[in-house]
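Coordinates in review
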Amino acid sequence: MKGTVLGIEGTAWNLSAAIVNEKDVIAEVTDTYSPATGGIHPREAAQHHARYASTVIRKVLEEAKRKGITPSDIDAIAFSQGPGLGACLRTVATAARMLAIKFNVPLVGVNHCLAHIEIGRWKTPARDPVTLYVSGANSQVLAYRMGRYRVFGETLDIGLGNAFDKFARSAGLSHPGGPKIEQLAKKSTNYIPLPYVVKGMDLSFSGLSTAATEALKRNSLEDVCYSLQETAFSMIVEVTERALAHTGKNEVLLAGGVGANMRLREMLDIMCSDRGVSFHVPEKRYMGDNGAMIAYLGLLMYSSGDVMSIENSHVNPNFRPDDVDVTWLE
Amino acid sequence: MELTNGAEATVKLEGGYLTKDRVAKRYRLRELDERIRKERTKAESRLMSEARRLGIPTPIIYDVENSVIRMQYIPGTPLKHVINDELSERLGKLVGLLHTGGIIHGDLTTSNLILYNDRLYMIDFGLSFMNCGVEARGVDVHVLFQTFESTHHDHKSLTEAFCRGYRHVFTGADEVLDRVTEIEKRGRYA
């Protein structure tokens, strides 16, 4: 594998462009949309991306130039094709198409979930892991098998981060809710029973979020935050362990913004060491949504000839990771 | 002899019978962990016996204590190693019987069925519960179809064979199978 790829991420609130080659991330520039009140407003997020796309791209090209990489070195343009908010995806895809035409290089449409896995495999020693991918909108347990990354378990309704955000909003905490819930949870050790919903390998978080909101009427915010975290994390760690038992794999990789939570990491670490498998967490900049992961999977796909024409570069807000034929692995 | 060290329990063969012990999970709060293990052990033994009464081959239970169940040992082959269309259709019939009786298995995977003496035994009722709703039945079948898709190459024909068997014994089958399609679409980014 050899080449230099510019990738743009823009599935939700983070707009991020990066240039990578097979050795490392050469440059990365990020601009994050943060709502004044409430959660992510899809239209405003897309308007943010439209407003800052040219600045972010210009800056990343400048940063790369200082390191001796010029636009003529770029072999392909990658973009987050989905899953994500339609308006955001379309904005970023437009910028990517424009760059592909301007630099006269191929376009690579990247599945956002798989990009999280691949950058984890690049930046940690994990080789063939069970991946727990938990973010605002996504909560999935994935593993590679016979040419595809299969989804072994996932949320049946909303993502874990989204469940936390919904609860946080009802408790008067600002977006994003996760970090605030984590801080408040540290102040309690009083567990309030909340619904623990694991259905086989699948999970459900929306009822849990509602029950936590209800529990606020009778309990302190700290106790509810603590109980919400303990319940939700126990559920996803259980499903991750089930996937390990089912696939026989011996590595766990953590991905996604919720992976920043230290209590979740601690629980996964305990489960992995009790099971005798290794646990891998990429550094924080590669956990949440980032341009480097899009550029890197773009590079893998470009190297295996997996590119697309402008005509076929439609975005896909419901793009499933298990719909992608993995062309870049043995 | 230890047979499996699954995600939830250790299963041992002792003196001709099988002991399933739900082991404590250190990652979970003790209070939460004990609640889950006790609830699941109780529900499992109760619903396993109930399923037998409905005509579904399940191991006979000898004894239940805290988080340990002692039961009959079924020395066959897990369905995941031998599945074909014919067995998938038989599985459809068993699940149809189960749902007719108001039971949701909760963890229908091809590892939780054992072929022994040409009978298909259903095991591991650890996540089972009583429910006659279309939604619960739909999720039950959806979980199984997901294992077909994630671990078996010819999942399309297995799914079709399952549906044939399921429709054959269960009058509410069509409604449930329609719901399965809806559940697939509903999941976030599904």
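Everything numeric in this text was worked out from a predicted model, so none of it was measured.

Criteria and cut-off values
Position labels on residues start from 1 in each chain and follow its written sequence. Chain A is the first chain written and ligand 1 is the first ligand written, with later ones labelled in order. In keeping with the predicted nature of the model, local features appear solely for residues at pLDDT of at least 70, side-chain atom pairs appear and are counted solely at 80 or more, and the whole-chain, interface and lining totals rest on all residues. Side-chain numbers here rest on the full set of heavy atoms in the structure, without hydrogens or water. Comment: elements are numbered from the N terminus, with helices defined as DSSP H or I runs of at least four residues and strands as E runs of at least two. What the globule rule says is 2.2 Å times the number of residues to the power 0.38, and the radius of gyration is computed from C-alpha atoms. The classification of residues rests on relative accessible area computed with a 1.4 Å probe and restricted to protein chains. Under 20% of the type maximum is buried, over 50% is exposed, and intermediate values are partly exposed. For helices, the axis comes from a line fit to the C-alpha atoms of the stretch in contact; other axes are also lines fit to C-alpha atoms, and the angle between any two N-to-C directions lies between 0 and 180 degrees. For classification purposes, an angle smaller than 35 degrees is called roughly parallel, one larger than 145 roughly antiparallel, one from 65 to 115 roughly perpendicular, and anything else oblique. Rotating anticlockwise by less than a right angle from the far helix to the near helix defines a left-handed crossing, while the corresponding clockwise rotation defines a right-handed one. In what follows, residue pairs with any heavy atoms lying within 4.5 Å of each other are defined as contacts. Residue type decides the class: Asp, Glu, Lys and Arg count as charged, Ala, Val, Leu, Ile, Met, Phe, Trp, Tyr, Cys and Pro as nonpolar, and the leftover types, Gly among them, as polar. We call two N or O atoms a polar contact when they sit within 3.5 Å, provided that within protein one can donate a hydrogen and the other can accept it, with sequence-adjacent residues counted only if both atoms are side-chain atoms. Domain limits in this description derive from either an automatic procedure or a database domain assignment. Note on definitions: buried area is the accessible-area loss of two parts on being combined, 1.4 Å probe, summed for both. Any two strands between which DSSP finds at least two bridges are classified as paired. Only one rule defines a salt bridge in this text: a Lys or Arg side-chain nitrogen within 4 Å of an Asp or Glu carboxyl oxygen. Nonpolar cores were defined as sets of buried Ala, Val, Leu, Ile, Met, Phe, Trp, Tyr and Cys residues, with membership established by side-chain atoms within 4.5 Å.

Topic: the overall build of chain A
The helix and strand tally for chain A stands at nine helices and twelve strands. What you see for chain A is a C-alpha radius of gyration of 20 Å, in line with the 20 Å of a compact globule of 330 residues. Taking the principal axes of the C-alpha coordinates as reference, chain A spans close to 60 × 45 × 35 Å. Relative to its full complement of 330 residues, chain A shows a buried share of 62%.

Some remarks on the packing of helix α4 (residues 160-170) of chain A against helix α7 (residues 221-247) of chain A
Residue and element names in this part refer to chain A. At a minimum axis separation of 12 Å, α4 and α7 run at an interaxial angle of 165°. Taken together, the axis directions place α4 and α7 in an arrangement best described as roughly antiparallel. Taken as a pair, α4 and α7 cross one another with a handedness that is right-handed. When α4 is examined against α7, the residues Leu160, Phe164 and Phe167 are found in contact with a partner set consisting of Leu221, Val224, Cys225, Leu228, Gln229, Ala232, Phe233 and Ile236. Grouping the amino acids of the contact of α4 with α7 by side-chain chemistry returns ten nonpolar, one polar and no charged.

Quick look at the environment of Thr151 of chain B
As for its position among the elements, Thr151 of chain B is in helix α4 (residues 134-151). On the accessibility criterion, Thr151 of chain B (13% relative accessible area) is buried. Put simply, Thr151 of chain B and Ser128 of chain B are 23 residues apart on the chain and 22 Å apart in space, counted from C-alpha to C-alpha. The residues contacting Thr151 of chain B, other than those within four sequence positions of it, are Arg145, Phe152 and His246 of chain A together with Thr110 of chain B. A polar atom in the side chain of Thr151 of chain B sits 2.5 Å from the backbone oxygen of Thr147 of chain B.

As for the domain arrangement of chain B
All names here are of chain B. For chain B, the assigned domains read domain 1 (2-72) and domain 2 (77-186). Using C-alpha coordinates to define each centre, domain 1 is positioned 21 Å away from domain 2. Contact with domain 1, which involves 15 residues of that partner, is made by 17 residues of domain 2. Roughly 1300 Å² of surface becomes buried between domain 1 and domain 2 when both sides are summed, with 72% attributable to carbon and sulfur atoms.

A word on the pairing of strand β9 (residues 119-122) of chain B
Residue and element names in this part refer to chain B. The pairing of strand β8 (residues 113-116) with β9 spans four bridges and is antiparallel. Each bridged residue has a counterpart across the sheet, and for Leu115 the counterpart in β9 is Leu120. Taking the residues that link successive antiparallel strands as the turn, the β8-β9 hairpin has two residues, and the phi of Asn117 there is positive, at about 50°.

Some thoughts on the sheet that holds strand β4 (residues 76-82) of chain A
Residue and element names in this part refer to chain A. With mixed pairing, the five strands of this open sheet are ordered in space as β3-β2-β1-β4-β5. Of all strands in the sheet, those with a lone pairing partner are β3 (25-32) and β5 (107-111), marking the two edges. Taking the axes of each pair of neighbouring strands and ignoring which way they run, one obtains an average angle of 20° across the sheet. Judged from the five bridges that link them, β4 and β5 form a sheet pairing that is parallel. Pairing of Ile77 across the sheet is with Leu107, part of β5. Sheet strands touched by helix α2 (residues 86-103): β1 (4-9), β2 (14-21), β4 and β5. Its angle to β4, the strand with the most contacts, is close to 165°. Contacts between helix α3 (residues 112-123) and the sheet are confined to β1, β2, β3, β4 and β5, with β5 contributing the most and set at about 90° to the helix.

Let's talk about the sheet that holds strand β12 (residues 278-280) of chain A
Residue and element names in this part refer to chain A. Strand order in this open sheet of five strands is β8-β7-β6-β11-β12, and the pairing throughout is mixed. In this open sheet, the two edge strands, each paired with only one partner strand, are β8 (148-154) and β12. For this sheet, the mean angle separating the axes of adjacent strands, direction not counted, is 25°. As judged from the six bridges shared by strand β7 (residues 139-145) and β8, these two strands associate in the antiparallel manner. Within β8, the position partnered with Gln140 by the bridge is Glu154.

Some details on the packing of α4 of chain B against helix α5 (residues 155-169) of chain B
Residue and element names in this part refer to chain B. Taken N-terminus to C-terminus, the directions of α4 and α5 make an angle of 150°; their axes are 9 Å apart at the nearest point. Considered as vectors, α4 and α5 are oriented roughly antiparallel to each other. Viewed along their axes, α4 and α5 form a crossing whose handedness is right-handed. From α4, Arg137, Val141, Leu144, Phe145, Phe148 and Glu149 reach across to α5, where they touch His155, Leu158, Thr159, Phe162, Cys163 and Tyr166.

Quick look at the interface of chain A and chain B
Counting from both sides, the interface comprises 44 residues of chain A and, opposite them, 35 residues of chain B. Summed over both partners, the interface of chain A with chain B comes to about 3400 Å²; 51% of that surface belongs to carbon and sulfur atoms. The salt bridge involving Glu8 of chain B is made with Arg242 of chain A; its shortest N-O contact spans 3.9 Å. Inspection of the region where chain A meets chain B yields eleven residue pairs in polar contact (both at pLDDT 80 or more). Counting residues per element, the ones that place at least two in the side of chain A that touches chain B are β8, β9 (198-199), α7 and α8 (262-275) of chain A. With ten residues, α7 of chain A is the largest single contributor of residues to the side of chain A that touches chain B. Counted by class, the side of chain A that touches chain B contains 19 nonpolar, ten polar and 15 charged residues.

Here we look at the nonpolar core
Residues and elements named next belong to chain A. Within the largest apolar cluster, 55 residues are counted, with the highest numbers of intra-cluster contacts made by Leu160, Phe205, Ile236 and Leu264. Among the elements that line this core, the one with the most residues is α7, at twelve residues. Here Leu160 is in contact with Val134, Ser135, Gly136, Ser139, Phe205, Ala232, Phe233, Ile236 and Val258, once residues within four sequence places are set aside.

Thoughts on the domain arrangement of chain A
It is common to report an interface's size as the accessible area lost on association of the parts. All names here are of chain A. For chain A, the assigned domains are domain 1 (4-116 + 286-323) and domain 2 (128-281). The C-alpha centroid of domain 2 is placed 27 Å from the C-alpha centroid of domain 1. On the side of domain 2, 20 residues touch domain 1, which itself brings 16 residues to the contact. For the pairing of domain 1 and domain 2, the buried interface totals around 1300 Å² over both sides, and the portion due to carbon and sulfur atoms is 64%. Three residues, His116, Met287 and Asp322, lead the burial of domain 1 against domain 2; their summed loss comes to 40% of the area buried on that side.

Some details on unusual backbone geometry
Residues and elements named next belong to chain A. With an omega of -5°, the peptide bond running from Gly82 to Pro83 counts as cis. Positionally, Pro83 belongs in the loop between β4 and α2. Cis geometry is found at the peptide bond from His175 to Pro176, where omega equals -5°. Mapped onto the secondary structure, Pro176 falls in the loop between α4 and α5 (177-185). Even without being glycine, Asn104 reaches a positive phi, approximately 55°. Along the chain, Asn104 falls in the loop between α2 and β5.

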